[in-house]
Amino acid sequence: MQKIKRDDEVVILAGKDRGKRGKVRKVLEGGKLLVTGVNMVKKHTKPNPQQGVAGGIVEQERPIQISNVAIFNPDTNRADRVGFKLDGDDKARIFKSSGMKID
């Protein structure tokens, strides 16, 4: 079971976007995440009339290392760590600070 999953709200801990919050769009191989509105870069694209691409400068999101994010705890309005708790046969994610279940 992963500590951070798709659609989790996370806080950026390090880098140029430190302090920003966003939703995880995708979890990639190698411990990286795509977070909405974070780590935006400008990419120069060539026009491709066959595919209807107009070329120019496009802004897009790049992956961010999973170690540079923490899950957002809405109860405390702060970043938090993730732990696991066994509930019978079920394994659930919890916030470390409060012990509350995550979704």
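This text follows the structure it describes.
Residues numbered from 1 in each chain as written. Predicted model: local features only at pLDDT ≥ 70, side-chain atom pairs only at ≥ 80, totals over all residues. Heavy atoms only, no water.

Colleague: An account of the packing of aromatic side chains is requested, with residue identities and associated values reported.
Modeller: Scanning the entire structure with this criterion turns up zero aromatic pairs. Just above the ring of Phe72 sits the side chain of Arg21; from NZ or CZ to the centre is 3.9 Å. Looking at Lys91, its charged tip hangs above the ring of Phe84, at a distance of 4.8 Å from the centre. (Phe/Tyr/Trp six-rings, centres within 6.5 Å; stacked < 30°, edge-to-face > 60°. Lys NZ or Arg CZ within 6 Å of the ring centre and 35° of its normal.)

Colleague: Explain the nonpolar core to me, using residue names and the numbers behind them.
Modeller: Core analysis: the largest hydrophobic core is formed by nine residues, namely Ile4, Val10, Ile12, Val24, Leu33, Val35, Val38, Ile64 and Val69. Going through the elements one at a time, β1 (9–12) and β3 (32–35) are the ones with two or more residues in this core. Not counting chain neighbours up to four residues away, the residues in contact with Leu33 comprise Ile4, Val24, Lys26, Val27, Arg62, Pro63, Ile64, Ile66 and Val69. (Core = buried A, V, L, I, M, F, W, Y, C linked by side-chain atoms within 4.5 Å. Buried < 20%, exposed > 50% of the residue type's maximum accessible area, 1.4 Å probe, protein only. Helix = DSSP H or I, 4+ residues; strand = E, 2+ residues; numbered from the N terminus. Contact = heavy atoms within 4.5 Å.)

Colleague: Explain the layout of surface pockets residue by residue, including any values.
Modeller: Estimates place the volume of the largest pocket at around 200 Å³. What lines the largest pocket is a set of 14 residues, among which Phe72, Pro74, Phe95, Ile102 and Asp103 lie closest to the centre. No other element matches the three residues that strand β7 (residues 69–73) contributes to the lining of the largest pocket. For the lining of the largest pocket, the per-class residue count stands at six nonpolar, one polar and seven charged. (1 Å grid on protein atoms, 1.4 Å probe; cavity = no way out; pocket = protein on both sides within 12 Å on 5 of 7 lines; lining within 4 Å. Points joined across faces, edges and corners; volume = space filled by probe spheres on them. Nonpolar A, V, L, I, M, F, W, Y, C, P; charged D, E, K, R; others polar.)

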